[in-house]
Amino acid sequence: MTPAQQTINRFLVDVFNDVLRHEEENLAKGPYKNLSVSEMHVLEAVESAGEAETMSELATRLRVTASTLTVAVKTLEAKGYLVRRRPDEDRRKVIVGLTDSARAALARHAAFHEQLIHQVSDRLTDRQMDQLADTLRQIHGFFSNIQ
């Protein structure tokens, strides 16, 4: 690898680990310490899908197996963050919905992310923020297309 590639590699690894650590620490010290980061990400996926998405659609979007999602949903249901229901029009499907506790946990987690972004944006000019956003969009596109 070139020195620039080594720097980018180290950056990606370090940033991923740093954000994950900060998320874990934030969850551990708050009122939702019974949630893991991966469980919070499941809640975020359910929130963004609304109640129109089935378990299999949700698993596909999260890029996990249906059985992995089922375990996570059962755990989150037992903790009081999710509810499962079968729609009257097709009892074979399972729809997952958020509880009020999940909505409160998501609001707190969103505030945590806003705080992180403000800490970054306060140190950069508007032009630098635009350049960073464009670069990160390109990097995300690359990672989204890896098979």
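This section reports on the structure supplied with the text. These numbers were taken from a predicted model, which means no experiment stands behind them.

**Quick word on the overall build of the chain**
For step 1, the next point in the chain: Broken down by element type, the chain carries six helices and two strands.
For step 2, the next point in the chain: When the backbone C-alpha atoms are referred to their principal axes, the chain occupies close to 55 × 35 × 25 Å.
For step 3, the next point in the chain: Accessible surface, the chain as shown: approximately 10100 Å² in total, 55% of it carbon and sulfur.

**Description of the packing of aromatic side chains**
For step 1, the next point in the chain: Applying the stated rule across the entire model yields two aromatic pairs.
For step 2, the next point in the chain: Judged by centre distance (6.5 Å) and plane angle (65°), the rings of Tyr32 and Tyr81 are edge-to-face. Highlighted residues: Tyr32 in the loop between helix H1 (3-29) and helix H2 (37-49) and Tyr81 in the loop between helix H4 (66-78) and strand E1 (82-85), separated in sequence by 49 residues.
For step 3, the next point in the chain: Overall, Tyr81 belongs to the buried group, its relative accessible area being 4%.

**Digging into a nonpolar patch on the surface**
For step 1, the next point in the chain: A surface patch of nonpolar side chains, about 690 Å² in accessible area, is lined by Ile8, Phe11, Leu12, Val15, Val19, Phe142, Phe143 and Ile146.
For step 2, the next point in the chain: Counting only elements with at least two residues in the nonpolar patch, the list comes to H1 and helix H6 (126-144).
For step 3, the next point in the chain: Of the residues forming the nonpolar patch, the biggest block, five residues, is contributed by H1.
For step 4, the next point in the chain: Looking at Phe11, the relative accessible area reads 44%, which means it is partly exposed.

**Looking at the pairing of strand E2 (residues 95-98)**
For step 1, the next point in the chain: Alternating residues of E2 divide into Ile95 and Gly97 and Val96 and Leu98, and every residue in both groups is buried.
For step 2, the next point in the chain: Here four bridges tie E1 to E2, and the two strands are oriented antiparallel to one another. Counted as the bridge partner of Arg84 is Val96 from E2.

About the criteria used
Residues numbered from 1 in each chain as written. Predicted model: local features only at pLDDT ≥ 70, side-chain atom pairs only at ≥ 80, totals over all residues. Heavy atoms only, no water. Helix = DSSP H or I, 4+ residues; strand = E, 2+ residues; numbered from the N terminus. Areas by Shrake-Rupley, 256 points an atom, 1.4 Å probe, with all protein chains shown as cover. Phe/Tyr/Trp six-rings, centres within 6.5 Å; stacked < 30°, edge-to-face > 60°. Buried < 20%, exposed > 50% of the residue type's maximum accessible area, 1.4 Å probe, protein only. Patch = residues over 30% accessible without salt bridge, like charges linked within 9 Å, V, L, I, M, F, W, Y side chains within 5 Å. Salt bridge = Lys/Arg side-chain N within 4 Å of Asp/Glu carboxyl O. Pairing = 2+ DSSP bridges.

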